[in-house]
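Chain by chain, the residues run as shown.
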Amino acid sequence: MDNPPQPAPSSRPRDHRPPARPPAHQPRPRLPQDAHQAAPTAADQRLAARRPWLAAATRSGHTEANIVGSRACPYNCTFCGAAVSANPDVTIRVRSPQNIIGELDQLHDEYGVTAFRFVDDLFLGVDRVIDEQMAAFTQHRISDRYIWDATGRINVLNRLSDSDLDRLVANGLREVALGIESGSDRILAAMDKRIDAAMT
C-alpha cells in the first residue's frame, strides 16, 4: 500500500519562544496632577513669618499636587464649558471635608506633598460649603501641615467679610485664582457673569 504524500517541510524556522508580553508599566509623560517640586513663591515668604514649618519651602519650594474637591459649577457664563446650560446632565457634587483631608494626608504620606491646588470648576463658591470645609480644616489643623490654592469668583470674595477671608488664610489658603473680568457692565451681562463692573 502506498504511503500518503507528506507535506513539504517549511523553509521558515520554527520559533519556540513564548509570545512577548506587554511591559507591566507603560511609561508616560508627566501629567499636571502628578506631584512635582515647585519653586518658592512670594506668598510662601510672607506666610513663613507666621508658620515656622514653611521656612524650608522659602528655600527649596514645595512638593505640590492637584486635587479636586467638587465637580460642576452653579453659574452659567456663556463662554464656559463648565456652564450649567452646557452640562444639563451634570449635577454639582461636593466631596466631604473628611474625604478631602484623607486625600491630602495620603498624598503627603506617599509623596511628601505639602502644597495643594484645588482645580475644581469653582472650589470657593457656596458659603455653606466653604463653612463646612473650613470648620474641618480648623479641626484637623490643616494650616500646621499644608498650604493650598483654590479657584474662586470675584462676587463670592466680594460678599465675604474680612474675618471670613482671614479664616481662609488661617486654614492654609495661599492663593485664589480669579478670572480677569471685563470692565463693561454690558459685556458682563452678555456673558451672564452675574457680577458688575464695580466688583472688578
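Below or above, wherever it landed, is the structure these notes cover. None of these values were measured; they are calculated from a predicted model.

## A word on the nonpolar core
Logical step 1: Among the nonpolar cores identified, the biggest contains 27 residues, and Leu104, Phe116, Phe118, Phe137, Ile142, Trp148 and Leu168 are the most heavily contacted of them.
Logical step 2: Sorting the residues of this core by element identifies strand S2 (62-67), helix H3 (97-111), strand S5 (115-118), helix H4 (127-139), strand S6 (147-151) and helix H5 (154-159) as the ones contributing at least two each.
Logical step 3: Not counting residues within four places of it along the chain, the set of residues in contact with phenylalanine 118 comprises Ile67, Gly69, Ile100, Phe123, Phe137, Trp148, Asp149, Ala150 and Thr151.
Logical step 4: Leu47, Leu54, Ala57 and Ile147 belong to the second largest nonpolar core, which has 6 residues in total.

## Some words on the pairing of S5
Logical step 1: By the bridge criterion, 4 bridges tie S2 to S5 in an arrangement that is parallel. Among the inter-strand pairings, glutamate 64 is bridged to a residue of S5, identified as alanine 115.
Logical step 2: Across 3 bridges, the pairing between S5 and S6 is parallel. Looking across to S6, one finds that alanine 115 is bridged to isoleucine 147.
Logical step 3: Once the chain exits S5 it traverses H4 before rejoining the sheet at S6, and the crossover so formed is right-handed.

## A closer look at unusual backbone geometry
Note on backbone geometry: most residues besides glycine have negative phi, and most peptide bonds are trans.
Logical step 1: Positive phi outside glycine occurs at arginine 141, with the angle close to 50 degrees.
Logical step 2: Turning to its location among the elements, arginine 141 is positioned in the loop between H4 and S6.
Logical step 3: Classification of arginine 141 as exposed rests on a relative accessible area of 55%.
Logical step 4: In this structure, arginine 194 takes a positive phi of about 60 degrees despite not being glycine.

## Examining the side chain of arginine 153
Logical step 1: One can find arginine 153 in the loop between S6 and H5.
Logical step 2: Nearest to the buried, unbridged arginine 153 among oppositely charged side chains is glutamate 181, at 5.9 Å.
Logical step 3: One polar contact links the side chain of arginine 153 to the main-chain carbonyl oxygen of lysine 193, over a distance of 2.3 Å.
Logical step 4: Excluding anything up to four places from it in sequence, arginine 153 contacts Tyr75, Cys77, Leu122, Leu124, Leu178, Lys193, Arg194 and Ile195.

## Some details on the packing of aromatic side chains
Logical step 1: Scanning the entire structure with this criterion turns up 5 aromatic pairs.
Logical step 2: Consider the rings of phenylalanine 118 and phenylalanine 123, whose centres lie 4.1 Å apart with planes at 15 degrees: the pair is stacked.
Logical step 3: With a centroid separation of 5.6 Å and 90 degrees between ring planes, the pair formed by phenylalanine 137 and tryptophan 148 is classed as edge-to-face. A residue pair is termed long-range when its members are at least 10 positions apart, and phenylalanine 137 in helix H4 and tryptophan 148 in strand S6 qualify at 11 residues. For the pair shown, phenylalanine 137 and tryptophan 148 are each scored as buried.
Logical step 4: Over the ring of tyrosine 75 we find arginine 153; its NZ or CZ atom is 3.6 Å from the centre of that ring.

Reading the values: rules and limits
Residues numbered from 1 in each chain as written. Predicted model: local features only at pLDDT ≥ 70, side-chain atom pairs only at ≥ 80, totals over all residues. Heavy atoms only, no water. Core = buried A, V, L, I, M, F, W, Y, C linked by side-chain atoms within 4.5 Å. Buried < 20%, exposed > 50% of the residue type's maximum accessible area, 1.4 Å probe, protein only. Helix = DSSP H or I, 4+ residues; strand = E, 2+ residues; numbered from the N terminus. Contact = heavy atoms within 4.5 Å. Pairing = 2+ DSSP bridges. Right-handed = clockwise from strand over helix to strand, strands pointing away. Lys, Arg positive; Asp, Glu negative; His and termini not counted. Salt bridge = Lys/Arg side-chain N within 4 Å of Asp/Glu carboxyl O. Polar contact = N/O pair within 3.5 Å; in protein donor to acceptor, adjacent residues only side chain to side chain. Phe/Tyr/Trp six-rings, centres within 6.5 Å; stacked < 30°, edge-to-face > 60°. Lys NZ or Arg CZ within 6 Å of the ring centre and 35° of its normal.

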